[in-house]
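Survey of secondary and tertiary structure
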Amino acid sequence: MGLSAREKRALDGIADRLYVEDPLLAETLSSFATGAVTAEPLPLRRGPFPGVLIPVALLAAIMAIMAVVLPPISGSTAEVAPSPTHALTRG
C-alpha cells in the first residue's frame, strides 16, 4: 500500500526542514534510501519452548495431586486434645 498525497507532502516537508537544519545528518540519512524497498516477512511466532512446557505441566500435576490428597490426611489424623475436667490443686 502506497502513501497518500498528503503523507508524501508531509514527508517531503520533513526532509526539506532536515536539510535546512542539519545538512550533514540529512546527507547521511539519504544514503540509506537507495535501492528498492522490499517487505521483510516477520518470523513465525512459536509457542513456549517444549523443554519448559513439560516440567511446568509435571509440577502443576504434582501440586494438584498434593492439594487433593494432603488435606484429608491432615484432617483425619488430627487428634483433639481432651478438655480439662478438674483443676490441679497445690498440695
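None of these values were measured; they are calculated from a predicted model.

**Regarding the overall build of the protein chain**
Along the backbone of the protein chain there are 3 helices and 0 strands. Looking at the 91 residues of the protein chain, the share that counts as buried comes to 1%. By element, 68% of the accessible surface of the protein chain is carried by carbon and sulfur atoms, the whole surface being about 9200 Å².

**Description of the packing of helix α1 (residues 5-21) against helix α2 (residues 23-30)**
When two helices pack together, their arrangement is captured by the angle between the axes and the distance separating the axes. Close contact between α1 and α2 brings their axes to 5 Å; oriented N to C, the two are set at 130°. Overall, the two elements α1 and α2 adopt an arrangement that is oblique. Taken together, the residues of α2 that come into contact with α1 (itself represented by Leu18, Tyr19, Val20 and Glu21) are Pro23, Leu25, Ala26, Glu27, Leu29 and Ser30. A breakdown of the residues in the contact of α1 with α2 according to their chemical character gives 7 nonpolar, 1 polar and 2 charged.

**Structural notes on a nonpolar patch on the surface**
On the surface, a nonpolar cluster with roughly 660 Å² of combined accessible area is contributed by Leu58, Ile62, Ile65, Met66, Val68, Val69 and Leu70. Mapping valine 69 onto the fold places it in helix α3 (residues 50-76). For valine 69, a relative accessible area of 39% corresponds to the partly exposed category.

Scoring rules and cut-offs
Residues numbered from 1 in each chain as written. Predicted model: local features only at pLDDT ≥ 70, side-chain atom pairs only at ≥ 80, totals over all residues. Heavy atoms only, no water. Helix = DSSP H or I, 4+ residues; strand = E, 2+ residues; numbered from the N terminus. Buried < 20%, exposed > 50% of the residue type's maximum accessible area, 1.4 Å probe, protein only. Areas by Shrake-Rupley, 256 points an atom, 1.4 Å probe, with all protein chains shown as cover. Axes fitted to C-alpha atoms, helices over the stretch in contact; angles between N-to-C directions. Parallel < 35°, antiparallel > 145°, perpendicular 65-115°, else oblique. Contact = heavy atoms within 4.5 Å. Nonpolar A, V, L, I, M, F, W, Y, C, P; charged D, E, K, R; others polar. Patch = residues over 30% accessible without salt bridge, like charges linked within 9 Å, V, L, I, M, F, W, Y side chains within 5 Å. Salt bridge = Lys/Arg side-chain N within 4 Å of Asp/Glu carboxyl O.

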